[in-house]
Amino acid sequence: MKYLLGYDIGSSSVKVSLLAAETGKALATAMSPKKEMEIEVAFPNWAEQRPERWWQEAVNATHQLKESYGFDTSLVAGIGITYQMHGLVLVDKEGKVLRPAIIWCDSRAVDLGNQAFTQLGEEYCLSNFLNSPGNFTASKLKWVKDNEPELFAQIHKIQLPGDYIAFKMTNNLQTTISGLSEGVFWNFKQQAVAQDLLDYYGISKELLPEVVDTFSVQGQLTAEAAQELGLHAGTPISYRAGDQPNNAFSLNVLQPGEIAATAGTSGVVYGINETATADPKSRVNTFVHVNNTAEAPRNGVLLCVNGTGILNSWLRKLVGEMPYDQMNQLAAQALVGAEGLVFLPFGNGAERVLENQLTDASLSGINFNIHSQAHVLRAAQEGIVFALNYGMDIMRESGVQVQKVRAGNANMFLSPLFREAFVNSGNVELELYNTDAAQGAARGAGVGAGVYASPAEAFIGLERILTLAPTPELQEKYQIAYARWKDVLTQTVLDPAEQKQADRKLDLVANS
């Protein structure tokens, strides 16, 4: 029997899954740490983590996996890695990490990216990069150049979080075209590194790692890494991809018109497009998909809402660490629309879907005589769904057909209420599958190592476990609630004139 290993390097934890290559069946999974990893916030809107911690948790999870399921490590045919996107890891010539990683929800570079968008030209950026430079990895690197020049001078290579884990395994400094695109280091029109953006930022192309194919043998496990992990030296690392392209791959979402979703710390809807299109306001973003080729272009159009599972986790602390399934049951006791209570689930960094605005989460419409804990919990889940639905409307405007959505049976999709709200407010059919990100990375490793002849062969063992469609009665109720949610969003966040007028009224009251 051959085995495949998949690592999911998240901002909350590191997860590793072991698959039987022949059957595609998940044999064992382990996660470390048991409690969520900390995000360091030295200043408002900053978010950092230590890459060395990711590696240590990968080591811990691997040992837990081996303890729970004994397997011959020499029979592992490939290792795949998926990771939190848009992070910035900096290493010197010895491979030493120079500073904590600036991760996906850090917002310090928003103004730099917006300035680049304006000065390079919005039309130019959208037609070449398919995105505003925004708060992506290239802009974060520019922030380091401007604010930490002595440290910047020591940089040998930059890495994405998954690149760093692969480096720890192989001692090879590499990335992928998909990875370059997620950092806005890629020019879609020229099919080359985005040299104009690098020149504008004053950054040398030499800081970028060597490019390898997503599905390929990218190196072998070194003796040192093998000893730390308890695995077999020489095992090929044969796949790496950002978490959202990988989530789509794990669900066999590879062709135009197919849609994947996930609702972990952040919430994402990701649709495949064969054309290089961009949202005029860069509220949804386009990246190179894992199966892209010159002959058959495949791009992923990504909608992201930062405040998803993190909001549910925050509420869990407020309700005394109540188990999530109990929170779901309590939320379901309130009626659709939470009797007028509206939750805007932001407050976790700049929201791309809101044109990179830094806005806080808010709860409005509170009536002390009506609303209970159940209403708050329901309003939070509905608010997350409505934010995703708001983004799906933008995706539709960009030409992506959002009708049937696939998701793994994990995170917030475990909540029956969340699923019900998702299909009925978004008018979509939802399919849930028995997979997760780590399993997807393991399947990708099988493709890259040649265990599977093509991506299509990698999905043996993938099973649909639930299909849910909208119902007219619930659809009407959720549409009313969604319209109310959009009104609150427009009045408090999207309409600056109304917001300024409200602020002026508050000032008048305060000074009277």
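Structure: see above.
Procedures and definitions
Residues numbered from 1 in each chain as written. Predicted model: local features only at pLDDT ≥ 70, side-chain atom pairs only at ≥ 80, totals over all residues. Heavy atoms only, no water. Helix = DSSP H or I, 4+ residues; strand = E, 2+ residues; numbered from the N terminus. Contact = heavy atoms within 4.5 Å. Pairing = 2+ DSSP bridges. Axes fitted to C-alpha atoms, helices over the stretch in contact; angles between N-to-C directions. 1 Å grid on protein atoms, 1.4 Å probe; cavity = no way out; pocket = protein on both sides within 12 Å on 5 of 7 lines; lining within 4 Å. Points joined across faces, edges and corners; volume = space filled by probe spheres on them. Nonpolar A, V, L, I, M, F, W, Y, C, P; charged D, E, K, R; others polar. Phe/Tyr/Trp six-rings, centres within 6.5 Å; stacked < 30°, edge-to-face > 60°. Buried < 20%, exposed > 50% of the residue type's maximum accessible area, 1.4 Å probe, protein only. Lys NZ or Arg CZ within 6 Å of the ring centre and 35° of its normal. Core = buried A, V, L, I, M, F, W, Y, C linked by side-chain atoms within 4.5 Å. Salt bridge = Lys/Arg side-chain N within 4 Å of Asp/Glu carboxyl O. Patch = residues over 30% accessible without salt bridge, like charges linked within 9 Å, V, L, I, M, F, W, Y side chains within 5 Å. Areas by Shrake-Rupley, 256 points an atom, 1.4 Å probe, with all protein chains shown as cover. Polar contact = N/O pair within 3.5 Å; in protein donor to acceptor, adjacent residues only side chain to side chain. Parallel < 35°, antiparallel > 145°, perpendicular 65-115°, else oblique.

One can find T176 in the loop between strand 9 (174-175) and helix 7 (177-182). Along the primary structure T176 and Y239 are separated by 63 residues, whereas in three dimensions their C-alpha atoms are 9.8 Å apart. Setting aside its immediate chain neighbours within four residues, T176 contacts V211, V212, D213, T214 and R240.

Taken in spatial order, the seven strands line up as 17-18-16-15-21-22-23 in an open sheet, and their pairing is mixed. Of all the strands in the sheet, the pair left with one neighbour each is strand 17 (285-288) and strand 23 (464-468). Sheet twist, expressed as the mean angle between neighbouring strand axes with direction ignored, is 25°. Looking at chain direction, strand 22 (residues 429-433) and strand 23 are connected through four bridges and run antiparallel. Within the sheet, the bridge partner assigned to E431 lies in strand 23 and is T467. Contacts between helix 10 (residues 243-250) and the sheet are confined to strand 15 (259-263), strand 16 (267-273) and strand 18 (299-305), with strand 15 contributing the most and set at about 120° to the helix.

Let us look at empty space enclosed by the protein. Considering all chains together, one arrives at four cavities of 30 Å³ or more under this definition. Roughly 90 Å³ of volume is contained in the largest cavity. As for the largest cavity, its lining consists of H86, W104, N135, F136, K140, N306, A350, R352 and N356. In terms of residue class, the lining of the largest cavity is built from three nonpolar, four polar and two charged. Here the second largest cavity defines a volume of roughly 60 Å³. T137, I158, Q159, L160, D163, T175, G179, L180, F185, L208 and P209 are the residues that line the second largest cavity. Elements with a contribution of two residues or more to the lining of the second largest cavity: strand 8 (157-159) and helix 7. Residues belonging to the lining of the second largest cavity are distributed by class as follows: six nonpolar, four polar and one charged.

This model, assessed by the stated rule, comprises 16 aromatic pairs. Aromatic pair F413 and F418: ring centres 5.2 Å apart, planes at 85°, arrangement edge-to-face. Owing to a relative accessible area of 0%, F418 belongs among the buried residues under this scheme. Joined through ring pairs, the aromatic side chains of F215, Y239, F249 and F459 make up one cluster. One cation-aromatic arrangement involves R108 over W143; the distance from NZ or CZ to the ring centre is 4.6 Å. Over the ring of Y324 we find R316, and its NZ or CZ is 5.0 Å from the ring centre.

Attention now moves to the nonpolar core. Counting 66 residues, the largest nonpolar core has L90, L141, I158 and F249 as the members making the most contacts within it. Dropping the residues within four chain positions of it, L141 is found in contact with L88, L90, F152, I155, I158, F185 and I203. Ranked by size, the runner-up nonpolar core spans 58 residues in total, among them L354, L430, Y482 and W485.

Two strands pair when backbone bridges link them, and strand 2 (residues 14-20) and strand 3 (residues 25-32) are joined in this way by seven bridges, in the antiparallel orientation. Bridge pairing in strand 3 links K15 to M31. The antiparallel pairing of strand 2 with strand 3 creates a hairpin that spans four residues between the two strands, and G24 there sits at a positive phi of about 70°.

Turning our attention to helix 4 (residues 137-147). Among the eleven residues that make up helix 4, eight are buried, leaving the element largely enclosed by the rest of the structure. Considered for burial, the residues of helix 4 that qualify are T137, A138, S139, K140, L141, K142, W143 and V144.

Next up on the list: the pattern of salt bridges. With the rule as written, the count across this model stands at 23 salt bridges. Across the pair D146 and K142 runs a salt bridge whose closest N-O atoms are separated by 3.1 Å. Taken as a pair, D146 and K142 lie in helix 4 at a separation of four residues, close to a single helical turn. Its relative accessible area of 40% is what places D146 among the partly exposed residues. For the salt bridge of R240 with D163, the shortest nitrogen-to-oxygen distance reads 3.1 Å. In this pair, R240 is assigned in strand 14 (residues 236-242) and D163 in helix 6 (residues 161-170), connecting sequence segments 77 residues apart. For the pair formed by R240 and D163, the shared burial category is buried.

A cluster of nonpolar side chains, contributed by L363, I366 and F368, occupies part of the molecular surface with about 340 Å² of accessible area. Along the chain, F368 turns up in the loop between strand 20 (362-364) and helix 13 (373-397).

Before going further, it helps to examine the side chain of S11. Residue position: S11 is located in the loop between strand 1 (3-9) and strand 2. Looking at S11, the relative accessible area reads 8%, which means it is buried. A polar contact of 3.3 Å, which involves the side chain of S11, links it to the side chain of W104. Setting aside its immediate chain neighbours within four residues, S11 contacts M37, Q49, Q84, I103, W104 and T265.

This part takes up helix 6. Burial analysis of helix 6 places nine of its ten residues in the buried class, which makes it a mostly covered element. All of the buried residues in helix 6 are P161, G162, D163, Y164, I165, A166, F167, M169 and T170. In the segment just after helix 6, N171 is the residue with positive phi, at about 70°.

Take the packing of helix 14 (residues 416-426) against helix 16 (residues 472-494) next. Taken N-terminus to C-terminus, the directions of helix 14 and helix 16 make an angle of 85°; their axes are 8 Å apart at the nearest point. Judged by the inter-axis angle, helix 14 sits roughly perpendicular to helix 16. Where helix 14 approaches helix 16, its residues L417, E420, A421, N424 and S425 are matched on the opposing element by L474, Q475, Y478 and Q479. Residues belonging to the contact of helix 14 with helix 16 are distributed by class as follows: four nonpolar, four polar and one charged.

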